[in-house]
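Coordinates in review
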Amino acid sequence: ETGVTQSPTHLIKTRGQQVTLRCSSQSGHNTVSWYQQALGQGPQFIFQYYREEENGRGNFPPRFSGLQFPNYSSELNVNALELDDSALYLCASSPSGRRNNEQFFGPGTRLTVL
Amino acid sequence: AQSVTQLDSQVPVFEEAPVELRCNYSSSVSVYLFWYVQYPNQGLQLLLKYLSGSTLVKGINGFEAEFNKSQTSFHLRKPSVHISDTAEYFCAVTLANAGGTSYGKLTFGQGTILTVHP
């Protein structure tokens, strides 16, 4: 069974640029959640996708957007990057949008904004 | 809205000693509770979870946690730690409605860095 995978592992961007991060769910999972983990902090919920629709959103501005594809893989897009967007971005998948009491995390993408 | 407070940012301990990592939560409704571990440069791995039933929950790697509803706590314990337990530990909550389903948004604490010395 393949776990959650994320790409790329590391990424360096400059302020104002746009970035796309990718996540492949664990087999059989139809729900994907994205989290931002700043250095020295706990992860913060960005949003969740269930069957290709947004299923909840945290306190992040609209320049953070996402997509979920028919195969349940997902993308996180961030426009107009700011220095404070530097963080580890974690993707987590779970078996169902309504009964998902456990989320399985990927290794993360480390984004550095200069 | 729910919140999580991990009372210790760093816990140093010697190998084979017992350890307790403290977690308190705040919520006006029922929650599910989790402990995750994060090794350097890795994602999060689930240690254990409390959904319902017995308040003492056993997890992987010899860890256990006890849910205390009156004190709104979910402390993590291990009777004898190893060098390999050195990592950062996160307590997290998610909403659980009356039907036993959850919205799925995890709210995390700030983390506790456990350092095991030889």
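As shown above, the structure is provided for reference.
Figured I'd write up the structure that's included with this text. Here the structure is a predicted model, which is why all the values come from computation and not from measurement.

1. Overview of the sheet that holds strand β1 (residues 5-7) of chain A
Residues and elements named next belong to chain A. One open sheet accounts for four strands, arranged β1-β3-β8-β7; its pairing is antiparallel. On the outer flanks of this sheet lie β1 and β7 (64-68), each paired with one strand and no other. Along the sheet, successive strands turn relative to each other by an average axial angle of 20°, direction set aside. Direction of pairing for β1 relative to strand β3 (residues 19-24): antiparallel, over a ladder of three bridges. Bridge pairing links Gln-6 to Cys-23 in β3.

2. Considering the state of the cysteines
Applying the stated criterion to the full structure yields two disulfides over all chains. Linked covalently through their sulfurs, Cys23(A) and Cys91(A) form a disulfide whose S-S length is 1.8 Å. Where Cys23(A) bonds to Cys91(A) through sulfur, the torsion about that S-S bond is close to -60°, and the disulfide is left-handed. Taken as a pair, Cys23(A) in strand β3 and Cys91(A) in strand β9 (residues 87-94) lie far apart in primary sequence, 68 residues in all. Comparing Cys23(A) with Cys91(A) shows no difference in burial state: the two are buried. Two residues, Cys23(B) and Cys91(B), share a disulfide whose sulfurs are 2.0 Å apart. Looking along the S-S bond of the Cys23(B)-Cys91(B) disulfide, the torsion reads about -65°, which is the left-handed sense.

Thresholds applied
- Residues numbered from 1 in each chain as written.
- Chains lettered and ligands numbered in written order.
- Predicted model: local features only at pLDDT ≥ 70, side-chain atom pairs only at ≥ 80, totals over all residues.
- Heavy atoms only, no water.
- Pairing = 2+ DSSP bridges.
- Helix = DSSP H or I, 4+ residues; strand = E, 2+ residues; numbered from the N terminus.
- Axes fitted to C-alpha atoms, helices over the stretch in contact; angles between N-to-C directions.
- Disulfide = S-S within 2.5 Å.
- Buried < 20%, exposed > 50% of the residue type's maximum accessible area, 1.4 Å probe, protein only.

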